[in-house]
Amino acid sequence: MKKLIILSLLLFTYISIGQTSQKIYDIIDSISSKRIEKDIQTLVNFGTRNTFSDTISNTRGIGAARRWIKSEFESISKNCNNCLDVFYQKDFVTKEGNRRVPHDAWVVNVVAIQKGTKYPNRYIIMSGDIDSRASNTMDFTTDAPGANDNASGMAGTIEAARVLSNYQFESSIVYVGLSGEEQGLFGGSGLAKYAKEKNWDIIGILNNDMIGNIKGVDGVIDNRTFRIFSEPVPANETERERQLRRFYGGEVDGISRQLARYVHKTVKTYMPEMNPMMVYRLDRFGRGGHHRPFNDLGFAGIRIMEAHENYNQQHQDIREENGIKYGDVIEHVNFEYAKKLTAVNAINMASLASAPPAPKNVAIGGIVEPSAKFKWDKVEGAVGYKIYWRDTTSPTWDYSRYVGDVSEFTLEGIVIDNFFFGIAAIGKDGFESPVVFPNKVFR
């Protein structure tokens, strides 16, 4: 009888690990393009959201925009029995030493935290940018509607909060509107520093910057492909970690890259019609985004955005020259596409916030042996673990084996020299942590 019970439990675990979650499909179906469109229009109607624009008016400028965003988060919180902690987080920036700052001002972020039921100090963050800009970033009075850059990302963040606030998750989710992006990533820097001071255990930040354009300046029209930018290894890694990579690998296996792979895998599982494109770079060539300040402090962070940009509609005064219409106006935003990328964020935050913590200590062995060996510390909430491996030239984890509730395992017949490996923790509902690349070696 005891043996039968054990077999039944193992079968239940196997089935739960292998199945997808109906909750994730429900989240996808709940995202509304109409609500996203309405929110983008509201943000556009503030005229300009330049970080240094009017803060007194209730109808124009950055002040009116951030107060409206805060009121939206508060309304969402009211509808979920005050499940969101909504507040401003701000830092003072000065003109001195900052060439894109026209005058001293407060850079104000709007933060809404949905606390986790089991791991309240573990956070997954979704961000959009509040601010917009004209051709001259120092011009804080000219109309700069910023419909795609970045009312789309901000509206997506608000919509994700509307949908996910209807659920409870083990880990905390943060929805945030960041300011000062166009002047030097001030908002992200301020929140990353705040998180560090508060000792937040950050699973990752999903930075959404331009998620609404499907027609590129190159003429390509594509409403299914999107880019995931991620840096290869943490910017604050130690010299010893850098040296060890020469012998053990890991040049493309930092925590941000694992977060990117996680998003890729989740999307291919639940939204197979989408085409996630991993870009092995911190951001676009020579450019930056609000995930970077988090990366700088050692947090995992990626940028999610459209695949085909139109530079005539970015950082441009509204005008027409030589038959070309310039300006980031709402007519260029595809709301169904913004809905899809909002869903990409929502399902990944829900999955990460439902999963147990990732193993912290993962050791690998098997040098000059016909097998790969692993040891790891068990984590609270995990019912089992999964070993992932891939060819050294592959961008994604292509092979895996569920090994149950153990803390060591040997993959027989798998030569350690020919693959890269990682370990993920699995929760009772089948949700997985990000994969952890080995950080120790044993013989």
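Further up the page is the structure itself.
Residues numbered from 1 in each chain as written. Predicted model: local features only at pLDDT ≥ 70, side-chain atom pairs only at ≥ 80, totals over all residues. Heavy atoms only, no water.

**Student:** Which parts of the structure should I look at to understand the packing of aromatic side chains?
**Tutor:** One pair of aromatic rings is described through two measures. These are the centre distance and the angle between the planes. Applying the stated rule across the entire model yields 14 aromatic pairs. Pairing tyrosine 194 with tryptophan 200 gives two aromatic rings, centres 5.8 Å apart and planes at 90°, and the pair type is edge-to-face. Plain terms: the ring middles of tyrosine 388 and tryptophan 397 are 6.5 Å apart, the flat faces sit at 50° to each other, and that makes the pair tilted. Sitting over the ring of tryptophan 106, lysine 90 keeps its end group 4.6 Å from the ring centre. It is arginine 122 that lies over the ring of tyrosine 119; its NZ or CZ is 5.4 Å from the centre. (Phe/Tyr/Trp six-rings, centres within 6.5 Å; stacked < 30°, edge-to-face > 60°. Lys NZ or Arg CZ within 6 Å of the ring centre and 35° of its normal.)

**Student:** Whenever I open this one, the sheet that holds strand β2 (residues 105-114) confuses me. Can you help?
**Tutor:** Taken together, eight strands build an open sheet; the order of strands is β1-β2-β4-β3-β5-β8-β6-β7 and the sheet is mixed. At either margin of the open sheet sits one strand with a lone partner, and together these are β1 (84-93) and β7 (275-279). When the angles between neighbouring strand axes are averaged without regard to direction, this sheet yields 25°. Against the sheet, helix α4 (residues 62-79) engages β1, β2 and β4 (171-178), with an angle of about 160° to β1. Across the sheet, helix α5 (residues 147-164) is in contact with β2, β3 (119-129), β4, β5 (201-208) and β8 (301-306); its angle to β3 comes to roughly 145°. (Pairing = 2+ DSSP bridges. Helix = DSSP H or I, 4+ residues; strand = E, 2+ residues; numbered from the N terminus. Axes fitted to C-alpha atoms, helices over the stretch in contact; angles between N-to-C directions. Contact = heavy atoms within 4.5 Å.)

**Student:** Any chance you could explain α5 here in plain terms?
**Tutor:** Along an α-helix, residues three or four apart share an orientation, since each turn contains 3.6 residues. Between its terminal C-alpha atoms α5 stretches 24 Å, which fits the 26 Å expected from 18 residues at 1.5 Å a residue. Within α5, 18 of the 18 residues are buried, which leaves it mostly tucked inside the rest of the structure. (Expected span 1.5 Å × (residues − 1). Buried < 20%, exposed > 50% of the residue type's maximum accessible area, 1.4 Å probe, protein only.)

**Student:** Any chance you could explain the nonpolar core here in plain terms?
**Tutor:** The nonpolar side chains of a soluble globular protein tend to be buried with one another. Ile40, Phe73 and Tyr175 are the most contacted members of the largest nonpolar core, which totals 70 residues. The element contributing the most residues to this core is helix α11 (residues 335-354), with 12 residues. Once residues lying within four places of it in the same chain are set aside, the contact partners of phenylalanine 73 are Leu84, Val86, Val110, Ala112, Met154, Ile158, Ala161 and Tyr175. (Core = buried A, V, L, I, M, F, W, Y, C linked by side-chain atoms within 4.5 Å.)

**Student:** Whenever I open this one, the pattern of salt bridges confuses me. Can you help?
**Tutor:** Side-chain pairs of opposite charge can arise where the charged atoms are in close proximity. Summed over the entire model, instances satisfying the criterion amount to 24 salt bridges. A salt bridge links aspartate 209 to arginine 303; the nearest nitrogen and oxygen atoms lie 3.3 Å apart. Of this pair, aspartate 209 sits in the loop between β5 and β6 (225-229) while arginine 303 sits in strand β8; the two residues are 94 residues apart in sequence, bridging distant segments of the chain. Looking at aspartate 209, the relative accessible area reads 2%, which means it is buried. According to the relative accessible area criterion, arginine 303 is buried, its value standing at 0%. Here arginine 242 ties to glutamate 239 by a salt bridge, and the two come within 2.6 Å at their closest N and O atoms. (Salt bridge = Lys/Arg side-chain N within 4 Å of Asp/Glu carboxyl O.)

**Student:** How should the environment of asparagine 345 be read in this particular structure?
**Tutor:** Looking at the secondary structure, you find asparagine 345 in helix α11. In sequence terms asparagine 345 and serine 127 are 218 residues apart; their C-alpha atoms lie 9.9 Å from each other. With sequence-adjacent residues up to four places away left out, asparagine 345 is seen in contact with Met126, Leu206, Asn208 and Ile304. Reaching out from asparagine 345, the side chain makes a polar contact with the side chain of asparagine 208 at a distance of 2.6 Å. (Polar contact = N/O pair within 3.5 Å; in protein donor to acceptor, adjacent residues only side chain to side chain.)

**Student:** Could you clarify how one ought to interpret the state of the cysteines in this entry?
**Tutor:** The term disulfide refers to a covalent linkage connecting the sulfur atoms of a pair of cysteines. Applying the stated criterion across every chain, the model contains one disulfide. What pairs with cysteine 80 in a disulfide is cysteine 83, and their sulfur atoms sit 1.9 Å apart. An S-S torsion of about -80° defines the bridge between cysteine 80 and cysteine 83 as left-handed. In this structure cysteine 80 comes out as buried when scored by relative accessible area, which is 14%. (Disulfide = S-S within 2.5 Å.)

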